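Structural characterization, general
Listed below are the residues making up each chain.
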Amino acid sequence: MADKSRMLMKKKERKEKEASETTKDVKEVKNEGEKAVDNGEVPSAEAAATNGAVANGENGDFQVEPMELPPFEIIAGDRIDPFAFKFQFKNVEYSSGRNKTFLCYLVDKGDTADGLLRGCLEDEHTGSHAEEAFFTQCLSDYDPALKYTVTWYMSSSPCSACAAKIAEVLKARKNIKLSIFASRLFEWEEAEIQVGLKAMHTAGCKLRVMKPLDFSYTWDTFVENEEQPLNLWEDCKENYEYYHEKLADILQ
């Protein structure tokens with residue numbers, strides 16, 4: 001009974017912290033959108049959608065409201081909206097409200113005329129995920145004679161189903177070398193998630209947590225940043241160290 005009570009208390013504390021973190025981050029994105037309007041800029045659709053998730057409460061406080069998600073689709077592009085990046089890639093411990101996966105990729109096919117391929121995928125977590133879409137859309141012309149070096153920068157690590165599929169692909173296609181840099185670990189406490197991460201690691205995938213320098217690189221390479229530098233959030237390095245330690249424990 002005591003163990004059960006502690007578990008319930010832990011879940012309650014986590015829910016409260018998730019709500020607090022989400023409200024804080026939504027406020028930050030909202031403020032950035034308002035600054036953009038003041039400067040004569042038009043806020044992005046992502047920022048507008050995020051702003052719609054809050055409503056004035058008592059004493060002018062903001063509260064998170066339930067949002068009806070749009071129909072599922074995989075969105076492919078070249079650059080990410082800066083508001084979306086700052087919200088979705090933020091490496092917070094509790095990621096409530098971040099219901100998308102952003103996958104930025106680099107593909108080197110070796111000695112070919114294609115050069116380095118670069119792009120981004122986005123999903124809504126309600127159907128085929130970005131990880132699966134990468135193999136079906138971005139590597140649709142897969143050639144077993146080529147050597148692929150693939151790098152992903154992701155807003156969160158793969159779910160258990162995607163991890164299993166990635167492991168299967170890497171086992172079947174030995175000529176693909178995949179490195180994944182994740183902003184945060186998706187539901188890392190769950191046993192099935194840990195099994196999936198280990199399976200990818202065993203299949204040859206290099207799993208890493210994004211360092212502060214990786215966030216800056218992703219911002220420069222994949223975001224519509226208008227040549228503005230990325231101002232990293234205060235606890236970016238601390239959160240990186242937290243997730244780095246958790247990943248190391250899982251993969252040991």
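To be clear, the structure that these remarks concern was listed above.
A brief report on the enclosed structure follows. (Residues numbered from 1 in each chain as written. Predicted model: local features only at pLDDT ≥ 70, side-chain atom pairs only at ≥ 80, totals over all residues. Heavy atoms only, no water.)

**What to know about the overall build of the chain**
Along the chain, the regular secondary structure elements total 8 helices and 8 strands. Relative to its 252 residues, the chain shows a buried fraction of 42%. Contacts in the chain between residues at least 24 apart in sequence constitute 74% of all its contacts with a sequence separation of at least 6. When the accessible area of the chain is evaluated, it comes to approximately 14100 Å², of which 49% is carbon and sulfur surface. (Helix = DSSP H or I, 4+ residues; strand = E, 2+ residues; numbered from the N terminus. Buried < 20%, exposed > 50% of the residue type's maximum accessible area, 1.4 Å probe, protein only. Contact = heavy atoms within 4.5 Å. Areas by Shrake-Rupley, 256 points an atom, 1.4 Å probe, with all protein chains shown as cover.)

**A short note on the nonpolar core**
For soluble globular proteins, the rule of thumb is that nonpolar side chains tend to be buried together. Membership of the largest hydrophobic core comes to 36 residues, with the highest contact counts inside it found for Phe134, Trp152 and Ile180. Counting only elements with at least two residues in this core, the list comes to β4 (101-108), α4 (130-138), β6 (148-154), α5 (160-172), β7 (176-182), α6 (191-202), β8 (206-209) and α8 (236-251). Discounting chain neighbours no more than four positions away, the residues touching Phe134 are Tyr105, Val107, Leu121, Leu139, Val150 and Trp152. Ranked by size, the runner-up nonpolar core spans 17 residues in total, among them Ile80, Ala84, Leu106 and Phe222. (Core = buried A, V, L, I, M, F, W, Y, C linked by side-chain atoms within 4.5 Å.)

**Some remarks on the pattern of salt bridges**
Across all of its chains, the model carries 4 salt bridges by this definition. Residue Lys109 pairs with Asp141 through a salt bridge whose shortest N-O separation is 3.2 Å. One end of the pair, Lys109, is in the loop between β4 and β5 (116-123); the other, Asp141, is in the loop between α4 and β6, with 32 residues separating them in the sequence. On the accessibility criterion, Asp141 (46% relative accessible area) is partly exposed. Across the pair Lys165 and Glu132 runs a salt bridge whose closest N-O atoms are separated by 3.0 Å. (Salt bridge = Lys/Arg side-chain N within 4 Å of Asp/Glu carboxyl O.)

**Section: the pairing of β7**
Summarising burial for β7: 5 of the 7 residues are buried, a large majority. Inspection of the sheet shows β6 paired to β7 by 7 bridges, in the parallel sense. For Trp152, the partnering residue across the bridge sits in β7 and is Ile180. Handedness of the crossover is the feature at issue here: the chain leaves β6, passes through α5, returns alongside β7, and the resulting connection is right-handed. (Pairing = 2+ DSSP bridges. Right-handed = clockwise from strand over helix to strand, strands pointing away.)

**Some words on the packing of α6 against α8**
Relative orientation of the contacting elements α6 and α8 amounts to 75°, with a least axis distance of 9 Å. Put simply, α6 runs roughly perpendicular to α8. Mapping the contact onto sequence places Gln194, Leu197, Lys198 and His201 in α6 and Leu247, Ile250 and Leu251 in α8. Its residues assigned to classes, the contact of α6 with α8 comprises 4 nonpolar, 2 polar and 1 charged. (Axes fitted to C-alpha atoms, helices over the stretch in contact; angles between N-to-C directions. Parallel < 35°, antiparallel > 145°, perpendicular 65-115°, else oblique. Nonpolar A, V, L, I, M, F, W, Y, C, P; charged D, E, K, R; others polar.)

**Re a positive patch on the surface**
Among the surface-exposed residues, Lys147, Lys171, Lys174, Lys177, Lys206, Arg208 and Lys211 lie close enough to one another that they form a single positively charged patch. Mapped onto the fold, Lys174 is located in the loop between α5 and β7. (Patch = residues over 30% accessible without salt bridge, like charges linked within 9 Å, V, L, I, M, F, W, Y side chains within 5 Å. Lys, Arg positive; Asp, Glu negative; His and termini not counted. Charge placed at Lys NZ, Arg CZ, Asp CG, Glu CD.)

**What about the packing of aromatic side chains?**
Evaluation of the coordinates by the stated rule reveals 13 aromatic pairs. Where Phe85 meets Phe89, the ring centres are 4.7 Å apart and the plane angle is 25°; that geometry is what we call stacked. One exposure class covers both Phe85 and Phe89, and it is buried. Ring geometry for Tyr153 against Phe222: centres 6.1 Å apart, planes inclined by 45°, an arrangement best described as tilted. In this pair, Tyr153 is assigned in strand β6 and Phe222 in helix α7 (residues 212-222), connecting sequence segments 69 residues apart. Across this residue pair, the class does not change: Tyr153 and Phe222 are buried. Grouping aromatic residues by their ring pairs yields a cluster made of Tyr105, Phe134, Phe135 and Trp152. (Phe/Tyr/Trp six-rings, centres within 6.5 Å; stacked < 30°, edge-to-face > 60°.)

**Some details on the side chain of Asn91**
By the element assignment, Asn91 lies in the loop between α3 (82-88) and β4. Polar side-chain contacts of Asn91 include one of 2.6 Å to the side chain of Trp233. A distance of 3.0 Å separates a polar side-chain atom of Asn91 from the backbone oxygen of Cys236. Leaving out residues up to four positions away in the same chain, Asn91 has contacts with Ser183, Arg184, Phe215, Trp233, Cys236, Asn239, Tyr240 and Tyr243. (Polar contact = N/O pair within 3.5 Å; in protein donor to acceptor, adjacent residues only side chain to side chain.)

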